[in-house]
Amino acid sequence: MNPMISSDLDIAGTDPEQDLDEKQQDEVTDITPESLDADVSDSVSKQGIRADDIEAMKEEYFKPLPELEIEHECEYTWDIEEWSKLGRRVHSPAFEVGGAPWKVLFFPAGNQPDHASFYLEQGFEDKPPEDWYACVHFMLVLWNPNDPTIQIRHIAQHRYNIDESDWGFTRFGELRKLFHGRFNDTNRPLVENDGAKLTAFVRIMKDPTGVLWHTFINYDSKKQTGMVGLKNQGATCYLNSLIQSLYFTNLFRKAIFQIPTESETEPSKNSAYALQRLFFNLQSHNAAISTSELTTAFGWDSSAIFQQQDVQELTRILMDKMEERMKGTPYDNALKDMFRGYFRTYIDCINVDFTSERTEEFWDLQLDVRGNPTLADSFKSYIQVETLDGDNKYQAEGFGLQDARKGVIFEAFPPVLHLQLKRYEFDLNTLQQTKVHDRIEFAEEMDLAPYLSEKADKSEDWTYQLHGVLVHSGDLDAGHYYAFIKPTKDGIFYKFDDDRVTPATQREAMEENFGGDFAVSANGITTQRNPYTKSLSKQRQMSAYMLVYIRKSRVDRVLQDIAPTDVPTHLEEKILEEKAELDRKRKEREEAHLYQQVYFGTDEEFNAHQGHDIFPMVTAQTIANPLPGSPRFHRVLKTMEVSDLTKLIATEIGVDEDLVRPWAMVGRQNLTLRPDTPLVAPDLRLEDTPSRFQAKIPLRYWVEVTQRRPDGTPDFHPIETLSTDKNIDAPILLFLKQFDPLKQNLSGHGHVFISRTKKIQDLGPIILERMGWPEGTKIQLFEEIKAKMIERMTSTTTFAQAEVGHGDIVCFQKELPEDELLALQQAGKYIDPPSFYEYLHHRVKMNFGNRNAIDEDSVFQLELSKIMSYDQVATRVAEHLRVEPTHLRFSTVQQNGKPRTFVKRGGGTASLSNMLAPSFTNYSGGMTSQRTDWLLYEILDMSLTEYETKKLVKVTLLSEGITKEETYDILVSKTGRISDLIPLVQEKARLSEEEAYTLRLMEVHGNKIWKELISEDTVAPFNEYVSIYAEQVPKEEIEADESTTRAVYAFHFDKEPTRVHGVPFKFMVHQGEVFSDTKKRLAERTGFKDKALEKVKFAVITRSTFARPEYLQDDDILADKLLSADDCLGLDHYNKSRANKQDVMMIR
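What counts as what
Residues numbered from 1 in each chain as written. Predicted model: local features only at pLDDT ≥ 70, side-chain atom pairs only at ≥ 80, totals over all residues. Heavy atoms only, no water. UniProt positions renumbered as here; feature names shortened; annotations may be inferred. Helix = DSSP H or I, 4+ residues; strand = E, 2+ residues; numbered from the N terminus. Buried < 20%, exposed > 50% of the residue type's maximum accessible area, 1.4 Å probe, protein only. Contact = heavy atoms within 4.5 Å. Areas by Shrake-Rupley, 256 points an atom, 1.4 Å probe, with all protein chains shown as cover. Pairing = 2+ DSSP bridges. Expected span 1.5 Å × (residues − 1). Axes fitted to C-alpha atoms, helices over the stretch in contact; angles between N-to-C directions. Core = buried A, V, L, I, M, F, W, Y, C linked by side-chain atoms within 4.5 Å. pLDDT = per-residue confidence, 0-100. Phe/Tyr/Trp six-rings, centres within 6.5 Å; stacked < 30°, edge-to-face > 60°. Parallel < 35°, antiparallel > 145°, perpendicular 65-115°, else oblique. Left-handed = near helix turned anticlockwise from the far one by under 90°.

- An unreviewed UniProt entry lists the protein under the name ubiquitinyl hydrolase 1, from Carpinus fangiana.
- UniProt's Catalytic activity (unreviewed entry) comment on the protein is quoted here verbatim: "Thiol-dependent hydrolysis of ester, thioester, amide, peptide and isopeptide bonds formed by the C-terminal Gly of ubiquitin (a 76-residue protein attached to proteins as an intracellular targeting signal)."

See below:
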């Protein structure tokens, strides 16, 4: 029975609804099915142990917590009398422990129905001191004073502070059972004669880190540790732990700061600049830092940040990219000098004087965990010597088969040593990757001299001290990464858990991360619950997967302080500028409730606007990129008065203040926005105008600007004459627009005032005068009621009868002869305002770019209508490109700029709107990330109609072994065969007849050869997941003797056979040929240079996805190892192209 808590027992404060923070609960409550008992019966004392025998109770039930030191200890007994007469809540007398007063808080009838509740509470009369806290381990025992063996007890631990003053047990004991005549099969109740005793065993524990049992509510990492953490973007905790490790390798940080980035402006395009900024923010900011700039520079999209990557591979790629950025600087070799070591592989003959050896560099070491109790054992295993004898003798050049010793020995270790512990391996029984939970102990200091060769330079000590422990907690499918790092030479470890940094003990950093099984607890429990899978396990879920050691003799240099002069001036200035801008925007947001946006425009804006309504609609897009005629805007105080607004407008447009009169624009039911009422009350506050004039927010105003009369007064219509009463003969405000069918445009021509009793035909002379047209010019008048309602006006009707009022728009056009109108119509032009307005309603600005070469030169913009057909769009694009419209095809574009699928022509009648509509929605119900203002075009060599009868086959032609690739897009009939494809490849690649005759085509799936294609094979099955490779059949293969050679397919993989990459190939194997000679032919076949070939490990491996490689030695005979037709030759080497192909490990 776990003495800490039972399943029906609430450990919490006095609030019965209070829940524990998840992390705190994991620390405070150790709950397993074996430890649960609904009746709390195991909380009853064993026969003979009396509650008043303090030492016996402590020995049996209140054992000290392992690894924690008791600072103060006290026991206090409270005599509870007349239980049933006590009030709802009762306090015990105060008692002192550790210099602080304490009390027991008691709810006789329970803080929850049917259960007595007891809590331990700090006993300060007022609030405790501001920074006071106490880590308390306590046990409360309720017992019968007449028989102290009848008792119930519960144990808890808690961090008390000013905000959390009590902690205990809401369901300490069920009242019915406490008062029962035979408590838990004894002969008397626990509460007898309406009384009992409560003994509190209280221990104040020393807090070795300052965060023991901390809830981390309002925790400030910077304040507590002087350091800040990194935000987790989704599944980037592994990245965070690696970045913190590199950051606190001060020499690395200093080297990164020296990379020239003065000309950089976008961290998302340069990983070195992004890392510099991240490092500077880590050392200067007060809160956790986001790694989004860095992951964007890595080329990771939103899905990649939710995928955990290979930490070793990420480290290597990051180092390579930083090293590349350092070339030509004083720190050119800084990373090599810091992280590069050397080992030597050798085969030493025993009986003859012959040795084969090769020295290689390493930047990190992968050490086996399984079978090695300690890190020293893993090093010994790494350099263990293997004897080659018997059937496994070594083929020594010039000496034949010889007994030999084979092994690896280190020549030098780097100043900063990264050790990757092999915590993950492929299980051949389950055919899955699994985590290795085995225990492997590592020391705070270790001497690596025993693992060096005799020739190694040992003039300097090779002792290393532990600097960092990177930990994975959980299983393969669910877990979390964090790090323990010692930032200074003689300091303590700190735990870096994403955005939280806390001090840690050496035991937390080391022993708790050795792995292996849990130790048996004091109550005999050997299992704990995995916090991520919620399952029980006997094995520790947290274990080190990467260790960082620093050579003791170099630690002062590696951990040297970063001086202010080490930080590039331009970097600091740029980030401080950005911070100041962020502070400004933050202040702006905080004060946003005091301000509002005000938009206004004059006839100048109205005249420039070509579209519906008075001004263009105000949107975030039009604010960022104003359209012609967009209203001006200002951020003003809500308490601003009309007089101040008038003054602001007059100053901006450069006229006298008294010549300006703002009109409130009111939203109508038909969704238009028109001027309605002039603002003449100078003391009216802007925040009151919506309720006064039914104006919409944000506030928009049309500004009437007038001239002076001869007497010097402004020529405004008096406000009293501008009545909206339809029965009064008063002037109304109208706006004039002209549609010009010859120019195909719409233009504004200011405003007019006209009496509402006038006839509509009376507006004609005013328009002719304004336009400068001769008297007698015929015009047509239309009213713009709303976007899709443009109606012809009856000339003999009065404005009042036509219900025309303030803010209405009249659109006019000259009458044209019938033949001119017909010619315009035949040219696809618009001949009247209704048709042109419909075009405006569907108008969209479309961007076009060449799908095969998207650059600034290929991009252009056209103004189109959404109701245009595919063929009409093709015609407009073809006019711009000066190509045949029938030879164009289009594809849509993702938000990230990448091409999507090709648009179906649909007989040429599909509308532009349909072309741009996403074909499906995402899981959250939103639309897919498709741009609605972009199309990519491709110019075909034939008409689209003919093209649709063809199948596109991508053929990659190999040359120079397999190192040079040229990919061609071949169009072949959908019913074609390989015999039809080869001549087309010949034509595209400009091959001679002889070269085409020896051409071999291979079908490749997942970077493995599936089959060699023959002439009769059809192209119909080929899809986007199939790769077709073409190559000249090698001369060696043509001339091969079938009696002594056989062919084998070869493919490339990176450490694991499931991680296949590169170009597969066919290779001829000679009987009796030792592999050292075979490798020479492999170099010629593949085109690999000597240095590249040295990094390749060769293995025999079956075609199966889950096969296990059998690695080859120089004295092996490959022909003898190939036992099955499915056996292949595997080339194990680093996949340099993986980043670009997977799009998640690319680092710019």
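Next, the rest of the story.
Description of the overall build of the protein
Then comes step 1: Summing up its helical and strand segments, the protein has 31 helices and 53 strands in all.
Then comes step 2: Burial statistics for the protein: of 1148 residues in total, 49% are counted as buried.
Then comes step 3: Considering only contacts within the protein whose residues lie at least 6 apart along the sequence, 67% involve residues at least 24 apart.
Then comes step 4: About 56400 Å² of surface is accessible on the protein, with carbon and sulfur atoms providing 46% of the total.

Section: the pairing of strand E18 (residues 416-422)
Then comes step 1: The buried fraction of E18 is high, at six of seven residues.
Then comes step 2: As defined by bridge partners, E18 adjoins strand E28 (residues 542-551) across five bridges and the pair is classed as antiparallel. Counted as the bridge partner of histidine 418 is valine 548 from E28.

So, helix H28 (residues 1075-1086)
Then comes step 1: With twelve residues, H28 should reach 16 Å at 1.5 Å per residue; the first-to-last C-alpha distance of 16 Å fits that figure.
Then comes step 2: Of the positions making up H28, those classed as buried are Phe1075, Thr1078, Lys1079, Arg1081, Leu1082, Ala1083, Arg1085 and Thr1086.
Then comes step 3: A positive phi of about 85 degrees marks glycine 1087, the residue just after H28.

Quick look at the sheet that holds strand E17 (residues 404-412)
Then comes step 1: Reading across the sheet, the four strands line up as E12-E11-E17-E14 and stay open at both edges, with antiparallel pairing between neighbours. Each edge of the open sheet carries a strand with a single partner, namely strand E12 (355-362) and strand E14 (386-388). Neighbour to neighbour, the strand axes of the sheet diverge by 25 degrees on average, direction disregarded.
Then comes step 2: Sheet topology places strand E11 (residues 341-349) next to E17; eight bridges connect them, and they run antiparallel. The residue of E17 that forms the bridge with tyrosine 346 is glycine 407.

A closer look at the side chain of threonine 646
Then comes step 1: Within the fold, threonine 646 resides in helix H17 (residues 642-653).
Then comes step 2: Taking relative accessible area as the criterion, threonine 646 reaches 9% and is therefore assigned buried.
Then comes step 3: Excluding residues within four positions of it along the chain, threonine 646 makes contact with Glu657, Val660 and Pro662.

Overview of the nonpolar core
Then comes step 1: Among the nonpolar cores identified, the biggest contains 59 residues, and Phe252, Leu275, Phe279, Leu335 and Phe339 are the most heavily contacted of them.
Then comes step 2: When residues in this core are grouped by element, the largest group, eight residues, is from helix H7 (residues 271-284).
Then comes step 3: In this structure phenylalanine 279 touches Ile243, Leu246, Tyr247, Phe252, Arg253, Ile256 and Phe257, once residues within four positions along its chain are discounted.
Then comes step 4: Ranked by size, the runner-up nonpolar core spans 40 residues in total, among them Leu365, Leu421, Ala449 and Phe514.

Thoughts on the confidence of the model for the protein
Then comes step 1: Summing up the model confidence of the protein, the mean pLDDT is 86 and the portion of residues at 70 or higher is 89%.
Then comes step 2: Within the model, the stretch residues 1-9 combines pLDDT values under 50 with 39 contacts to residues more than four positions away or in other chains.

So, the environment of glutamate 820
Then comes step 1: With respect to the helices and strands, glutamate 820 occurs in helix H20 (residues 818-826).
Then comes step 2: For the pair formed by glutamate 820 and isoleucine 831, sequence separation is eleven residues and the distance between their alpha carbons is 9.4 Å.

Examining the packing of aromatic side chains
Then comes step 1: Tallied over the entire structure, the rule returns 52 aromatic pairs.
Then comes step 2: On the basis of an interplanar angle of 85 degrees and a centroid distance of 6.4 Å, the ring pair of phenylalanine 343 and phenylalanine 410 is categorised as edge-to-face. Here phenylalanine 343, found in strand E11, pairs with phenylalanine 410, found in strand E17; they are 67 residues apart in sequence, far enough to count as distant. As far as burial versus exposure is concerned, phenylalanine 343 and phenylalanine 410 are alike and both buried.

Topic: the sheet that holds strand E49 (residues 1045-1054)
Then comes step 1: Strand order in the open sheet formed by five strands is E50-E49-E53-E51-E52, with mixed pairing between adjacent strands. If you trace the sheet from one side to the other, it starts and ends with strand E50 (1056-1070) and strand E52 (1110-1111), each paired once.
Then comes step 2: As paired strands, E49 and strand E53 (residues 1127-1132) are joined by four bridges and run parallel to one another. Bridge pairing in E53 places alanine 1050 opposite leucine 1129.
Then comes step 3: Its contacts with the sheet place H28 against E50, strand E51 (1097-1102) and E53, and it is angled at close to 105 degrees to E50.

Here's the deal with the packing of helix H5 (residues 237-247) against helix H9 (residues 311-326)
Then comes step 1: The geometry of H5 relative to H9 is characterised by a closest axis approach of 11 Å and an angle of 45 degrees between their N-to-C directions. By the criterion of interaxial angle, the relationship of H5 to H9 is oblique. In this structure, H5 meets H9 at a crossing whose hand is right-handed. Contacts between H5 and H9 involve Tyr238, Leu239, Leu242 and Leu246 on the former and, on the latter, Val311, Leu314, Thr315, Leu318 and Met319.

Quick notes on the pairing of strand E25 (residues 500-504)
Then comes step 1: Burial analysis of E25 places five of its five residues in the buried class, which makes it a mostly covered element.
Then comes step 2: Judged by which residues are buried, E25 turns out to be covered on both faces: Arg500, Thr502 and Ala504 on one side and Val501 and Pro503 on the other are all buried.
Then comes step 3: By the bridge criterion, five bridges tie strand E24 (residues 493-497) to E25 in an arrangement that is antiparallel. Paired with lysine 495 across the bridge in E25 is threonine 502.
Then comes step 4: Where E24 folds back on E25, the antiparallel hairpin that results is connected by two residues, among which aspartate 498 adopts a positive phi of roughly 55 degrees.

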